[in-house]
Structure formats: C-alpha cells, structure tokens
Amino acid sequence: VPMYRLHRRRYTTYWDLFTPSEWEEEKERYATEAEEQRRLDAATVAYLEPGETVFDRPFNYRGAEDSVPQRMLGRPGRRGKSWFSYDVPVEPEHPMSLILTFYSEDRRGTPAAFQIQVDGEVIAEVEVGRSEPPRFYDLEYPIPPRLVAGKETVAVRFEAREESQIATVFGLRVIRADAPR
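Rules used throughout
- Residues numbered from 1 in each chain as written.
- Predicted model: local features only at pLDDT ≥ 70, side-chain atom pairs only at ≥ 80, totals over all residues.
- Heavy atoms only, no water.
- Pairing = 2+ DSSP bridges.
- Helix = DSSP H or I, 4+ residues; strand = E, 2+ residues; numbered from the N terminus.
- Axes fitted to C-alpha atoms, helices over the stretch in contact; angles between N-to-C directions.
- Core = buried A, V, L, I, M, F, W, Y, C linked by side-chain atoms within 4.5 Å.
- Buried < 20%, exposed > 50% of the residue type's maximum accessible area, 1.4 Å probe, protein only.
- Contact = heavy atoms within 4.5 Å.
- Phe/Tyr/Trp six-rings, centres within 6.5 Å; stacked < 30°, edge-to-face > 60°.
- Expected span 1.5 Å × (residues − 1).
- Patch = residues over 30% accessible without salt bridge, like charges linked within 9 Å, V, L, I, M, F, W, Y side chains within 5 Å.
- Areas by Shrake-Rupley, 256 points an atom, 1.4 Å probe, with all protein chains shown as cover.
- Salt bridge = Lys/Arg side-chain N within 4 Å of Asp/Glu carboxyl O.

(A) Structural detail: the sheet that holds strand 5 (residues 83-89). Taken in spatial order, the five strands make up an open sheet running 2-5-10-7-8, and their pairing is antiparallel. Where the open sheet ends on each side, the last strands, each with one partner, are strand 2 (62-63) and strand 8 (121-128). Where strand 5 meets strand 10 (residues 153-160), seven bridges bridge the pair, whose relative direction is antiparallel. By the bridge assignment, Trp83 is partnered in strand 10 with Glu159.

As structure tokens, this is what we get:
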C-alpha cells in the first residue's frame, strides 16, 4: 500500500544495524555471496522452480495427482507422495550435476525418503529431515556421464519410497560440474 494511504495506521520497517567494522565484514560477505552466485549462474544449463506454471510447462512437468505445489516464505516448490518429473536440458560434452534446493523447517514435506532418477536410473537415495536453523539449502548430485551421452535432455524423476514422501523441492538446477564455482 502506498505510504499516502497509511495515515492513522501503524506500520513497521526493520533495518539491519551494523557498527562500521561489522558493516565492512557484512559488505565483504555480500560481495562473496554475489560472486558465488555469478559463478553458479555461469555454470547453469537449466534452472527451474518446481510448482510454478512458468517452469512446469517448458520443462514438461509430469506427476501423480498427489504431487502438489507448495509455498514457503514466498518461494514456490513441489512435493508429492508418489512421483513427479521434469525434462531438463543437458550438455553431454561436460560432466553434469543436479543441485536441488530444500528448506530445513518444511513441516509438510519432511521427513521424506525418496529416489532421484535420471532417465529411469537411480542416481541418489535421499532422506530429508527438519533441522535448525530454518534456512533454504542446496544439495548436489552428480549425473553419471553415460546418462547424458548423446542427449540434449534427460528426464529427472523424484519417486517416494514406500510409506514416505518426496520432500518439497524449491529449486532444480542443472550445472556443468567442471565449471569454476
């Protein structure tokens, strides 16, 4: 709401406060994070946020009816009780890795035990639980070179183990594993 419409109403703004020395440390941390993100973006072949229509359609989302979108702190994700998949581009001349983003305090999507498959072959057995502090975090899974050889796209499938579910995936990134990061 514009400020001019907030007369006679309370509102709050939060600011991070730093001493000059703390600001120098924080500024350095910001610069380091920005450089790491720049390198990651340069290594990225494909990035999608599962659960968002603008990503689901171009990456050929498929899934069971129990696969549902979920939002956490404004970020979209997708979780499920059986399976869901996406078709993602790869570059066979480079080693490839998947980077998946999870949230450590996901009450609906954890605990979870599931498989990550690439073109029908299991590349990882994953167990995700809750942990402190609450934060989004990335896990990296190498894709065996034989699974991308001669291909432009591969199907990445998440499949829940029996009596479990698939943790909410907030980001799926395919990267060149040999790129500097």
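(B) Structural context of the sheet that holds strand 11 (residues 166-169). Pairing in this open sheet of three strands is antiparallel, and the strands run 3-4-11 from one edge to the other. What marks the edges here is a single partner per strand, and that holds for strand 3 (68-72) and strand 11. Ignoring which end each strand starts from, the neighbouring axes of this sheet average 30° apart. Here five bridges tie strand 3 to strand 4 (residues 75-80), and the two strands are oriented antiparallel to one another. Along strand 4, the bridge assignment pairs Gln70 with Gly77.

(C) How the structure looks around the nonpolar core. If you look at the biggest cluster of nonpolar residues, it comprises 34 residues, and the most contacted ones within it are Phe114, Ile116, Phe158 and Leu172. Beyond its immediate chain neighbours, meaning those up to four positions away, Leu172 contacts Ala46, Tyr47, Leu48, Pro50, Tyr86, Val88, Leu98, Ile99, Leu100, Val156 and Phe158. With five residues, the next largest nonpolar core counts Leu40, Ile99, Ile175 and Ala179 among its residues.

(D) Structural context of the packing of aromatic side chains. Inspection of every chain in the model, using the stated rule, returns 11 aromatic pairs. Summarising the aromatic geometry, the rings of Phe102 and Phe114 are spaced 6.2 Å apart at their centres and angled 55° between planes, so their arrangement reads as tilted. Of the two residues, Phe102 sits in strand 6 (residues 96-103) while Phe114 sits in strand 7 (residues 112-118), which places them 12 residues apart along the sequence. Here the two residues Phe102 and Phe114 agree in accessibility, since each one is buried.

(E) Inspection of helix 1 (residues 20-43) at higher detail. Here helix 1 contains 24 residues, and its C-alpha end-to-end distance of 35 Å stays within 8% of the 34 Å for a straight helix at 1.5 Å per residue. Of all the residues in helix 1, the buried ones are Glu26, Leu40 and Ala43. Contact partners of the buried residues in helix 1: strand 1 (44-48), strand 6 and strand 12 (171-176).

(F) Just unusual backbone geometry, in detail. Between Thr110 and the following residue, Pro111, the backbone shows a cis peptide bond with an omega angle of -5°. With respect to the element layout, Pro111 can be found in the loop between strand 6 and strand 7. Of the consecutive residues Glu132 and Pro133, the connecting peptide bond is found in the cis state with omega at -5°. By the secondary structure assignment, Pro133 is in the loop between strand 8 and strand 9 (136-143). Of note in this structure, Leu73 is not a glycine but carries a positive phi near 50°. Its place among the elements puts Leu73 in the loop between strand 3 and strand 4. Look at Leu73 and you get exposed, because its relative accessible area is 67%.

(G) Main features of a nonpolar patch on the surface. Together, Phe18, Trp23 and Tyr30 give the surface a local cluster of nonpolar side chains, amounting to about 270 Å² of exposed area. The residue Tyr30 is located in helix 1 in this model. For Tyr30, a relative accessible area of 34% puts it in the partly exposed group.

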